[in-house]
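# Structure at a glance
One letter stands for each residue in the lines below.
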Amino acid sequence: MKKNFWEKIRKKKGFTCLAPMADVTDIAFRQIIAKYSRHGLPGQGKTGGGPDVFWTEFVAADGIASLKGRKPLLKDLEFSKKEKPIVAQIFGSKPENIETTCRIISELGFDGIDLNMGCPDRKVEKQGAGSAMMKNPKIAREVIKAAKRGAPNLPISVKTRIGYNKIDYQNWLTEVLAEKPVALTIHLRTRKEMSKVDAHWELAKEISEFVRIIDKEVVLIANGDIKSPKDGREKIKNTKFEGVMIGRGIFGNPWLFDSRLENGGGTLDLQKGSSSVSISKKLKVLVEHTKLFNKLLKNQKNFAVMKKHFKAYVNGFDGAKELRNELMQCNTEKEVEKIIKDYLATL
Ligand SMILES: Cc1cc2nc3c(=O)[nH]c(=O)nc-3n(C[C@H](O)[C@H](O)[C@H](O)COP(=O)(O)O)c2cc1C
């Protein structure tokens, strides 16, 4: 089993991962994040930053494994060198399709493969995948075994939750760990809680210690409501978690992992502070992101995907609401560019 990539990552205590988010963390947004989080603001030199590991959006193993479905889905697995190291996330409950998919993915240059065992989406659960895995640990174990058969040279990891209807992680995690995944990400909520309640950070210590008793080696990553790398490091202090995964905190904030912006909690305050990002900078990046989306994903994803980003970028300053409303009507890159240009001229 090739563990090198995770072994290197875990040396950095409190390492950071970008969460997989369908129709959000696509190749265009990942490249924007890599550009602004890893190298700091243009003109200010390289400062490091993160994330230490990128994740792709999840991809259906049943689709990749079928000749017909494969081509469009492989587009979702494209990445550039800037996003390395990168883990491909898949979902599925048919071991034979998981094995085929992992074999295919192992040829694509990924650093690891992650198995989704926590998605609450009904379409995913209907296939027995995502969170439904928690109700069928036997299949979950078969799926991990199949992934290892398909990609024996890549580290296989699992991302899951702390129970289905109620907090009940002992049996479930024991089953998962019996198959020796190289890394385990725990979203500190149950399936039933979706993302509607606060993540159970009060249980982080006990859950992480439970995992460590069973498995001394697994790379342990915590997820849920983390606002910034600094917030994450605070949250995992005194637990056995080694790294953190951040999802929604990245919305409209591709600077999130830039280590120089961590004073003050790492979240960007648009109005004050020399290390914060100005409104005009944010809006210019919104345009850059839109252009990159069109360049890389035009034939694959609907332009509406960008509207989630517009809402997030355009927030917290005078006139944001009106500007947002205008952007929500846009259907082309040109329209977006013009609206932002006109707005910037008023500043
Ligand atoms: C829009 C959206 C899409 C998501 N897609 C995925 C996915 O493809 N795979 C996955 O494992 N989790 C997915 N998640 C869950 C996140 O990875 C993460 O576990 C969750 O948002 C909690 O972390 P956070 O509080 O930092 O956002 C998604 C979440 C959101 C908001």
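Residues numbered from 1 in each chain as written. Predicted model: local features only at pLDDT ≥ 70, side-chain atom pairs only at ≥ 80, totals over all residues.

## Side note on the pairing of strand 8 (residues 243-246)
- Along strand 8, one buried face is formed by Gly243 and Met245 and the opposite face, lined by Val244 and Ile246, is buried too.
- Where strand 7 (residues 219-223) meets strand 8, 3 bridges bridge the pair, whose relative direction is parallel. What sits directly across from Asn223, in strand 8, is Met245.
- Crossover handedness for the path strand 7 to helix 10 (residues 229-236) to strand 8: right-handed. (Buried ≥ 20, exposed ≤ 12 C-beta atoms within 10 Å, placed from the backbone. Helix = DSSP H or I, 4+ residues; strand = E, 2+ residues; numbered from the N terminus. Pairing = 2+ DSSP bridges. Right-handed = clockwise from strand over helix to strand, strands pointing away.)

## Concerning the domain arrangement of the protein chain
- Domain parsing of the protein chain yields domain 1 (4-261) and domain 2 (279-345).
- Taking only C-alpha atoms into account, the centre of domain 1 sits 28 Å from that of domain 2.
- With 14 residues of domain 1 at the interface, the matching set in domain 2 holds 15 residues. (Domains from an automatic or database assignment. Contact = placed C-beta atoms within 7 Å.)

## Let's talk about the sheet that holds strand 3 (residues 86-91)
- With parallel pairing, the 8 strands of this open sheet are ordered in space as 1-8-7-6-5-4-3-2. On the outer flanks of this sheet lie strand 1 (15-18) and strand 2 (54-60), each paired with one strand and no other. Put simply, the sheet's adjacent strands are angled 25° from each other on average, direction ignored.
- Sheet topology places strand 6 (residues 183-187) next to strand 7; 5 bridges connect them, and they run parallel. Its bridge partner lying in strand 7, Ile186 is registered against Ala222. (Axes fitted to C-alpha atoms, helices over the stretch in contact; angles between N-to-C directions.)

## Considerations on unusual backbone geometry
- Cis geometry is found at the peptide bond from Gly50 to Pro51, where omega equals 0°.
- Among the secondary structure elements, Pro51 is positioned in the loop between helix 2 (27-38) and strand 2.
- Between Lys84 and the following residue, Pro85, the backbone shows a cis peptide bond with an omega angle of -10°.
- Locating Pro85 in the fold gives a position in the loop between helix 4 (67-75) and strand 3.
- Positive phi, close to 60°, is recorded for Asp23, a residue that is not glycine.
- Non-glycine residue Lys180 carries a positive phi angle of around 55°.
- Its location among the elements puts Lys180 in the loop between helix 8 (169-178) and strand 6.
- Overall, the presence of 14 C-beta atoms within 10 Å leaves Lys180 in the partly exposed class.

## Some words on the nonpolar core
- Membership of the largest hydrophobic core comes to 96 residues, with the highest contact counts inside it found for Ile113, Ala147, Leu184 and Ile221.
- The element contributing the most residues to this core is helix 2, with 7 residues.
- Looking at which domains feed residues into this core, each of domain 1 (4-261) and domain 2 (279-345) supplies at least three.
- Not counting residues within four places of it along the chain, the set of residues in contact with Ile221 comprises Cys17, Ala183, Leu184, Thr185, Phe241, Glu242, Gly243, Val244 and Met245. (Core = buried A, V, L, I, M, F, W, Y, C linked by C-beta atoms within 7 Å.)

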